[in-house]
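Below are the chains, spelled out letter by letter.
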Amino acid sequence: MSVSMLAKAIAESPTMKLNEEARLLRERGQPVIHLGIGEPKNKAPIAAILSGAAKLNTGDVKYAPADGTPSLKKAIIRYTEEHYDKVVAPENVIVSSGAKQAIYNLLYTLLNPQDEVIILSPYWVSYPEMVKMCGAVPVPAKPMDGGYVPNLSDITMRMSSNTKCIMINSPNNPSGAIYPDNFIREVVALCEKEGLYLIMDDIYNRLVFAGKRVTNPIACASDFGSDDCKMIVINGVSKVYAMTGFRIGWAVANPKLIEVMSIIQSHQTSGPSGLLQKAAVAAINGTQSCVDNLVMTLENNARVMVQRLKAFDGVKVTPPDGTFYCFADFSAYDKDSTRLAEFLLNKVMVCTVPGVEFGMEGHLRLSTCGTSKEITEGIERMKWALDPNSPNELIIGHRKMVRDWL
Ligand SMILES: Cc1ncc(COP(=O)(O)O)c(C=O)c1O
């Protein structure tokens, strides 16, 4: 088969491979614990379900406007005012099929071949591949201090005459870190001075733990939403409302950019399903206690996970400030995170995501979306597999596992 050069350049995600292996093991009745998945277990808000169902019952589900329905745009405008203290216009908003599509369409709108996009490591796995899918060049910027929080010089040292754009995701997938206020302000100022686009992927910005604060990027911009402003803020319902399967995300930006993104989207997928947009309106405008409950569960789970991980001799872990994840350094056990993830799945049936996919080898990303019982058992199994002082046997389900490795 002859596929395009562009298609050849896009890496298959090893996450998918591990997920598939985990699925097959589960299908064979094996007691797999999935610490890989970035989606909460709870159901969508009831208001969203009822609203979507009511629309479906009318049988009148037709093409929706390419850039989003007026009612969802209105809800997003209200959301932006509530959470970013900024009133924007419908022309500043595009609704896409997930934040993923919003980001991809945005990159497609902005990038020429050879343009460079600075992506802070550790990064969400899809960023580099999306940039490559646009024929442009991802430039990972790893913090020099080896941690998860960059400083401005980590970015400036990677800038070149081809730099077009900087992508920031805080709170961050996979590290769970919130970038400091002064860093966000400095990056906004840098982008304004150098005329760079700044993509703020804010998909986790309400999933932060007690006492933590996320800087409002819009408040740092000179004139957000005006024709000349090059900051774009990405959001969606997937994470905050546990509506991953509804595929509704959005971008808020200057009207010219939104207009071009809308044209691209109109030829690509058309607007997201009106049915699902209706459900998203109900989630955004409905009672928000589901978000508080989700944050409480995640915070508790993160505490349990970090506590258990600290009992390992060879693991370095920083408690996350928010999100669904703990990103821990397992390099003392194996520097090759893909091999380590395979080992843990095969030996103790715990599914994790290798850090190499996020640009940080030697780490594993562990999800806090499961129950605290699953987390406790998953981490205990991992400890048994990795700690040379573990007892020789472990019972998993009805199976007796015997350590036949060092
Ligand atoms: C950082 C980040 N951005 C965007 C997305 C995509 O979200 P959506 O489900 O809205 O496409 C994800 C999903 O994992 C994510 O982690």
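Figured I'd write up the structure that's included with this text. (Residues numbered from 1 in each chain as written. Predicted model: local features only at pLDDT ≥ 70, side-chain atom pairs only at ≥ 80, totals over all residues. Heavy atoms only, no water.)

### Here's the deal with the overall build of the protein
Then comes step 1: A tally of helices and strands in the protein yields 14 helices and 15 strands.
Then comes step 2: Once the C-alpha set of the protein is aligned to its principal axes, its extents read approximately 65 × 55 × 55 Å.
Then comes step 3: By residue count, 55% of the 406 residues in the protein fall in the buried class.
Then comes step 4: Taking as baseline every contact in the protein between residues at least 6 positions apart, the subset at least 24 positions apart corresponds to 72%. (Helix = DSSP H or I, 4+ residues; strand = E, 2+ residues; numbered from the N terminus. Buried < 20%, exposed > 50% of the residue type's maximum accessible area, 1.4 Å probe, protein only. Contact = heavy atoms within 4.5 Å.)

### Thoughts on the side chain of Asn172
Then comes step 1: The topology assignment puts Asn172 in the loop between strand E5 (163-169) and helix H8 (181-194).
Then comes step 2: A polar side-chain atom of Asn172 sits 3.2 Å from the main-chain carbonyl oxygen of Asn169.
Then comes step 3: Among the polar contacts made by the side chain of Asn172, one reaches the side chain of Tyr179 at a distance of 3.4 Å.
Then comes step 4: Contacts of Asn172, omitting those with residues within four sequence positions, involve Pro122, Ala177, Tyr179 and Thr323. (Polar contact = N/O pair within 3.5 Å; in protein donor to acceptor, adjacent residues only side chain to side chain.)

### Notes on a nonpolar patch on the surface
Then comes step 1: Together, Ile46, Ile49 and Leu50 make up a nonpolar patch on the protein surface, roughly 290 Å² of accessible area in all.
Then comes step 2: Among the secondary structure elements, Leu50 is positioned in helix H3 (residues 46-58). (Patch = residues over 30% accessible without salt bridge, like charges linked within 9 Å, V, L, I, M, F, W, Y side chains within 5 Å. Areas by Shrake-Rupley, 256 points an atom, 1.4 Å probe, with all protein chains shown as cover. Salt bridge = Lys/Arg side-chain N within 4 Å of Asp/Glu carboxyl O.)

### Some details on the pattern of salt bridges
Working definition: two side chains of opposite charge can pair if their charged atoms are close together.
Then comes step 1: By the definition in use, this model includes 18 salt bridges.
Then comes step 2: Residues Arg308 and Glu380 are paired through a salt bridge, measuring 3.5 Å at the closest nitrogen-oxygen approach. Within this pair, whereas Arg308 is found in helix H12 (residues 289-309), its partner Glu380 is found in helix H14 (residues 372-386), the two being separated by 72 residues in sequence.

### Things to note about the packing of helix H4 (residues 70-84) against helix H11 (residues 274-285)
Then comes step 1: Contact geometry for H4 and H11: axes closest at 9 Å, N-to-C directions at 25°. If you check the angle between H4 and H11, you find them roughly parallel. Both H4 and H11 take part in a crossing whose hand is left-handed. Within the contact between the two elements, H4 uses Ser71, Leu72, Ala75, Ile76, Arg78 and Tyr79 and H11 uses Gln277, Ala280, Val281, Ile284 and Asn285.
Then comes step 2: For the contact of H4 with H11, the per-class residue count stands at 7 nonpolar, 3 polar and 1 charged. (Axes fitted to C-alpha atoms, helices over the stretch in contact; angles between N-to-C directions. Parallel < 35°, antiparallel > 145°, perpendicular 65-115°, else oblique. Left-handed = near helix turned anticlockwise from the far one by under 90°. Nonpolar A, V, L, I, M, F, W, Y, C, P; charged D, E, K, R; others polar.)

### Topic: unusual backbone geometry
Then comes step 1: Residue Pro122 follows Ser121 across a cis peptide bond; omega there is -5°.
Then comes step 2: Structurally, Pro122 can be placed in the loop between strand E3 (116-120) and helix H6 (126-133).
Then comes step 3: In this structure, Pro171 follows Ser170 across a cis peptide bond, with omega equal to -5°.
Then comes step 4: One can find Pro171 in the loop between E5 and H8.
Then comes step 5: Despite not being glycine, Ser270 has its phi angle at roughly 65°, a positive value.
Then comes step 6: On the secondary structure map, Ser270 appears in the loop between helix H10 (255-268) and H11.
Then comes step 7: One non-glycine residue with positive phi stands out, namely Met349, at about 55°.

### A closer look at the site of the ligand
Then comes step 1: The local shell around the ligand holds 13 residues, among which Ala99, Asp201, Ser238, Lys239 and Arg247 are the closest.
Then comes step 2: Taking Asn173, its side chain carries an N or O atom lying 2.8 Å from an oxygen atom of the ligand.
Then comes step 3: Taking Ser238, its side chain carries an N or O atom lying 2.7 Å from an oxygen atom of the ligand.
Then comes step 4: Here the element with the most residues in the shell around the ligand is helix H5 (residues 98-110); it accounts for 3 residues.
Then comes step 5: Among the residues forming the shell around the ligand, the class breakdown is 5 nonpolar, 4 polar and 4 charged. (Near = heavy atom within 4 Å.)

### A word on the environment of Met1
Then comes step 1: For Met1, the location among the structural elements is in the segment before helix H1 (5-9).
Then comes step 2: Put simply, Met1 and His83 are 82 residues apart on the chain and 49 Å apart in space, counted from C-alpha to C-alpha.

### Brief notes about the nonpolar core
Then comes step 1: Ranked by size, the top nonpolar core spans 89 residues in total, and within it Ile166, Ile168 and Met231 carry the most contacts.
Then comes step 2: Of the residues forming this core, the biggest block, 7 residues, is contributed by H5.
Then comes step 3: Leaving out residues up to four positions away in the same chain, Ile166 has contacts with Ile118, Ile155, Val187, Leu190, Cys191, Leu196, Tyr197, Leu198 and Ile199. (Core = buried A, V, L, I, M, F, W, Y, C linked by side-chain atoms within 4.5 Å.)

### Let's talk about the sheet that holds strand E12 (residues 353-354)
Then comes step 1: The 4 strands are arranged E9-E10-E13-E12 in an open sheet whose pairing can be described as antiparallel. On the outer flanks of this sheet lie strand E9 (316-317) and E12, each paired with one strand and no other.
Then comes step 2: Two strands pair when backbone bridges link them, and E9 and strand E10 (residues 325-329) are joined in this way by 2 bridges, in the antiparallel orientation. By the bridge assignment, Lys316 is partnered in E10 with Asp329. (Pairing = 2+ DSSP bridges.)

### Topic: the packing of aromatic side chains
Then comes step 1: Evaluated as defined, the whole model comprises 14 aromatic pairs.
Then comes step 2: Through successive ring pairs, a cluster of aromatic residues spans Tyr148, Phe327 and Phe358. (Phe/Tyr/Trp six-rings, centres within 6.5 Å; stacked < 30°, edge-to-face > 60°.)

### Structural notes on the sheet that holds E5
Then comes step 1: An order of E2-E8-E7-E6-E5-E3-E4 is seen for the 7 strands of this open sheet, with the pairing classed as mixed. Of all strands in the sheet, those bounded by a partner on one side alone are strand E2 (93-96) and strand E4 (137-141). In this sheet, adjacent strand axes meet at a mean angle of 20° when their direction is disregarded.
Then comes step 2: Here 5 bridges tie E3 to E4, and the two strands are oriented parallel to one another. Residue pairing for E4: Val117 is matched across the bridge by Pro138.
Then comes step 3: Across the sheet, H10 touches E2, strand E6 (197-201), strand E7 (231-236) and strand E8 (249-252), and the angle it forms with E2 is around 25°.

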